[in-house]
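For reference, the chains in residue letters:
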Amino acid sequence: MIIKRSYLYVFALFAILFFVPIAYSQTAPQKKENRSKLFEKTTTDSDYLMAIEKAGEVMESAYNDTDFDGETRHIFGEIKRTQSKLDLILTSLKGANPNVRNQQMYRIVLKEIQQELEDQNTAINSRNANLEKIKNRFVDLRKDKTFMELIKDTVRRKQFKKEFANLKKRYLATDSLMSKNQGILNNKKRLTVERKIAVSNALIAVEDKLEQSGISILRKEYPFLWSTNDSVPKKAVSQNIRAKIIIEKSVASYYLSYRADGLFTLLFFMGILFWYISRNLKYLKENGYNENLSYFNFNYLNRGVLIPVLVIGLNIAVVSNLYAPALFLEILQLILLGILTILFKNKWAAQSMKNWMLLMGLFFTLCFLDLFIEVGFIQRAAFIVINILGIRYGLVQIKSIKNQLYIKGFFKWASILFIGFNGLSILYNLFGRVSLSNMLTITAFISLTQIIALSVLLKIILEIILLQIYTTRIKRGIEKIFDYESLSDTLKKPFILVISYMWLVVIASNLNIWESLRTSLGNLLSHPNTIGSITFTLGNIVLFFIIIWIAHLLQKYVAYFFGEIDDENEENVNKRQHSKLLITRLLVLIAGYLLAVAASGMPLDKLSILLGALGVGVGLGLQNVVNNFVSGVILIFDKPIQIGDVIEISSESGRVKSMGLRTTKINAPNGAEIIIPNGNLLSQNITNWTYTDNFKLVEISIEISGETTPEAINEIVMQTLENMPLINLEKAPQIFYTAISDGKYKLLIKFWCSIYRTEETISSARQVLFINFKAKGLTFST
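**Student:** Explanation requested: helix α14 (residues 377–402) in the structure shown.
**Tutor:** Quick reminder: α-helices carry 3.6 residues per turn. Residues three or four places apart thus point the same way. Given a rise of 1.5 Å per residue, 26 residues ought to cover 38 Å, and the 35 Å separating the end C-alpha atoms of α14 matches this to within 8%. At G394, α14 shows its maximal bend, which comes to roughly 50°.

**Student:** I keep staring at the pairing of strand β8 (residues 695–705) and nothing clicks. Help me out?
**Tutor:** Looking down a regular strand, the side chains alternate between one sheet face and the other. Here β8 runs beside strand β11 (residues 744–754); their pairing, made up of 11 bridges, is antiparallel. For F695, the partnering residue across the bridge sits in β11 and is S754. Sheet topology note: the β8/strand β12 (residues 779–781) ladder contains 3 bridges and is antiparallel. Its bridge partner lying in β12, S705 is registered against T779.

**Student:** Explanation requested: the pattern of salt bridges in the structure shown.
**Tutor:** Between side chains of opposite charge, a pair can form when the charged atoms approach closely. Considering all chains together, one arrives at 10 salt bridges under this definition. When the shortest N-O distance is used, the salt bridge between R81 and E78 registers 2.8 Å. With a gap of 3 residues between them, R81 and E78 both fall in helix α4 (residues 70–95), about one helical turn apart. With a shortest N-O distance of 3.1 Å, R190 and E194 are connected by a salt bridge. Linking R190 with E194, this pair stays in helix α8 (residues 161–212), spanning 4 residues, or about one helical turn. A residue is classified by how much of its surface remains accessible, and R190, at 42% relative accessible area, is partly exposed.

**Student:** What should I look at first to understand the pairing of strand β6 (residues 673–677) in this one?
**Tutor:** By the alternation rule, side chains of β6 split into I674 and I676, which are all buried, and E673, I675 and P677, of which none is buried. Pairing of strand β5 (residues 663–667) with β6 involves 5 bridges; the strand directions are antiparallel. Bridge assignment links T663 to a residue of β6, and that residue is P677. Hairpin remark: β5 followed by β6, antiparallel, with 5 residues in the connecting loop; positive phi at G671, about 95°.

**Student:** Before we go on, may I ask you to explain the nonpolar core in this structure?
**Tutor:** Among soluble globular proteins, nonpolar side chains are generally buried collectively. Within the largest apolar cluster, 108 residues are counted, with the highest numbers of intra-cluster contacts made by L110, I277, L340, F344, W356 and I452. In terms of residue count, the dominant contributor to this core is helix α16 (residues 434–475) (24 residues). Beyond its immediate stretch of four places on either side in the chain, L340 contacts V311, W356, A453 and V456. Residues A55, A123, M178 and L185 belong to the second largest nonpolar core, which totals 26 residues.

**Student:** Would you explain the environment of T449 in this entry?
**Tutor:** Among the secondary structure elements, T449 is positioned in helix α16. Owing to a relative accessible area of 1%, T449 belongs among the buried residues under this scheme. Separated by 35 residues in the primary sequence, T449 and A414 have C-alpha atoms spaced 8.9 Å apart. For T449, the contacting residues outside a window of four places in its chain are Q333, L337 and L359. At 3.3 Å, the side chain of T449 and the backbone oxygen of I446 are in polar contact.

**Student:** It is not clear to me how the sheet that holds strand β4 (residues 652–659) should be interpreted in this structure. Could you clarify?
**Tutor:** Through backbone hydrogen bonds, the strands of a sheet pair up, either in parallel or in antiparallel fashion. Sheet architecture is open: 5 strands sit in the order β6-β5-β4-β3-β7, paired in antiparallel fashion. Each edge of the sheet is formed by a strand with only one pairing partner; in this case those strands are β6 and β7 (686–688). Strand after strand, the sheet turns through a mean of 40° between neighbouring axes, direction not considered. Relative to β5, β4 runs antiparallel, the two sharing 4 bridges. Pairing of V656 across the sheet is with I666, part of β5.

**Student:** It is not clear to me how helix α11 (residues 306–320) should be interpreted in this structure. Could you clarify?
**Tutor:** Look at α11: 21 Å from first C-alpha to last across 15 residues, which is about the 21 Å you get at 1.5 Å a residue. In this structure, the buried side of α11 is in contact with α10 (260–286), α12 (326–344), α16 and α17 (484–510).

**Student:** Looking at this model, I keep getting lost on the packing of aromatic side chains. Mind explaining?
**Tutor:** Aromatic rings in a pair are described by how distant their centres are and how their planes are angled relative to each other. Applying the stated criterion across every chain, the model contains 14 aromatic pairs. Pairing F296 with F298 gives two aromatic rings, centres 6.1 Å apart and planes at 45°, and the pair type is tilted. Accessibility assignment for this pair places F296 and F298 in one class, buried. One cation-aromatic arrangement involves K731 over W752; the distance from NZ or CZ to the ring centre is 4.1 Å.

**Student:** I'm lost on unusual backbone geometry in this one. Help?
**Tutor:** The phi angle of most residues is negative, glycine excepted, and most peptide bonds adopt the trans form. Despite not being glycine, N297 shows a phi value in the positive range, around 60°. Mapped onto the elements of the fold, N297 is located in the loop between α10 and α11. Exposure remark for N297: the relative accessible area of 41% places this residue in the partly exposed category.

Definitions and cut-offs
- Residues numbered from 1 in each chain as written.
- Predicted model: local features only at pLDDT ≥ 70, side-chain atom pairs only at ≥ 80, totals over all residues.
- Heavy atoms only, no water.
- Helix = DSSP H or I, 4+ residues; strand = E, 2+ residues; numbered from the N terminus.
- Expected span 1.5 Å × (residues − 1).
- Bend = angle between axes of the 7 residues up to and from the residue.
- Pairing = 2+ DSSP bridges.
- Salt bridge = Lys/Arg side-chain N within 4 Å of Asp/Glu carboxyl O.
- Buried < 20%, exposed > 50% of the residue type's maximum accessible area, 1.4 Å probe, protein only.
- Core = buried A, V, L, I, M, F, W, Y, C linked by side-chain atoms within 4.5 Å.
- Contact = heavy atoms within 4.5 Å.
- Polar contact = N/O pair within 3.5 Å; in protein donor to acceptor, adjacent residues only side chain to side chain.
- Axes fitted to C-alpha atoms, helices over the stretch in contact; angles between N-to-C directions.
- Phe/Tyr/Trp six-rings, centres within 6.5 Å; stacked < 30°, edge-to-face > 60°.
- Lys NZ or Arg CZ within 6 Å of the ring centre and 35° of its normal.

Below, the structure is given as structure tokens:
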């Protein structure tokens, strides 16, 4: 009604502007002016044409702005898609299985639809406001005095009859388009309001169903089991199953399209992982090293790449789709269990495999009953049978599976939950709490199967890392089999934390407490706390330490991906790569600390106070710490020494084992590890034996007795040295005679050899020289 009145107002205004009587201008007495007409302001036809043209431009721009642009039509498309989603959800709510998984998915989707409707309603209001602004442009034409003077002047108006006809045509076209578009907008607004009401009612219904299945609600939903006397004809049961399958399929299909972007992203990254593993395996196979993977106790990667990658992807899909419909999630779970069965085949003992197949059978039966059969006496009795079999399984048969797993610690807790949830499920089922009973049963089986899947996931991840390390070492020419067991124990610790989190999230989601736990934890972490003039949240502090922990973890483990381990052969040290790793570690730490400070939310003015306090601390007692840190940075970039170098500093000598930001570790020849602050390295003279290369000039003094000549001695010495592989012949050996007498010669022999095998080379040279001179009948002594 308001809209129609506004249109009438504009039309009447325009009519007044164009057709107002000009009697006043004709009857008003003319004032007699005494001033000269030379300086009198007059309006010409050109001025009138410009005014008409300006009015035409206003009407043209109003018409163009009134027409819907591409963004508005996109909003209309979004409104239509939102309606389709809402219709599917509302239809599914009426007939789908009211289990926790479906209700969680409905709640999430309904909240998103609610937000979409709110955004669409805001967009419609914005466009209605724009139309009102367009109307004001016509009102603003009254401020144009030349245009108003022309309208009042009937004689002049006839002169511009054609121009006024075009103006009227434009006005009527704009008025018609505005009426049409504003009607469309009002219709869309009415639909969004109606849908918002429908979504609000649906959310209330979903929240009620979720509350009924909550652990805190202990009221009875159904009669006691011994009081149930319902009987459903077989035909009705089959019809119900078919109807539920159709509904569940439509809900799962909707969710699949709804989460298509995320699933395609996961598929893309799994494809990259497949290529990455295949490339490493192909390289080892082409170079004849693939058989060595058996030394690393590989259980999965040596049997193909596709199945391990699917295990990783499905585990991530299960955890990242917590609010998916029941059919979608349980199909994922069953596919994951089927793939695990392929992996376990011919690898597990016969009894363990038999018990695993029994567990799969129970889980499949449970999924079928939970999804497609109406709640009645038969279903409740079937659930109790499954629970009893589950308890027996947990007490007797589960032990054989535990021995086949990589991590056994969590399996104990999974077994306790499995037995406990099955027992509680029987009690709740008997006393009418069927929804809670079903939820506990599903959670029991998922908690057990998921920890098995996550155990396999951890082993596959460790095998991928070991494969990368071994492949990189082979490319560098290092064929030595490293200690993979201790390395695996080191690597698996952070992954166990991630796997624990994934397992607990899946359990909490199935128990319908994850959302409340996350909300409560979020409120706790985001609650502002004030100490003095500083305001902070617990979440910022936790995030600060988590980022620092991750940064230190990354800088510690980044070397493994370049094939670097602690038992590196000193002759195969890649100094350039070590330098790059040190710089990478430094950058990771700096980036981690900067990100941690930014995530902490600390204001810059407070940070400057902290830095000032830190400066005072440096002045009072942290000089050495800062000196060593800065010296470490200088050592990394200036590179006077690198990892693997043999150095002498003061009275200490040895091989550089590692370089940190504060200290440097040196392995002494006697096996001791010397830790030297970086500041001491820069402040003292350092002898670096391997700065240019890894060769050292060594000397052997020998005495030869017998009938021979210097030329014969030189020939024997050179032939001996040339046939020794440990001696570097790129620099020619040197022979010096320190004394010569009749039948007696004293020699000093100098040659180059690897500094890491100096003693071995000298010893071998003495032995071979002794044998060769002895064969010539000469006496040899050193």
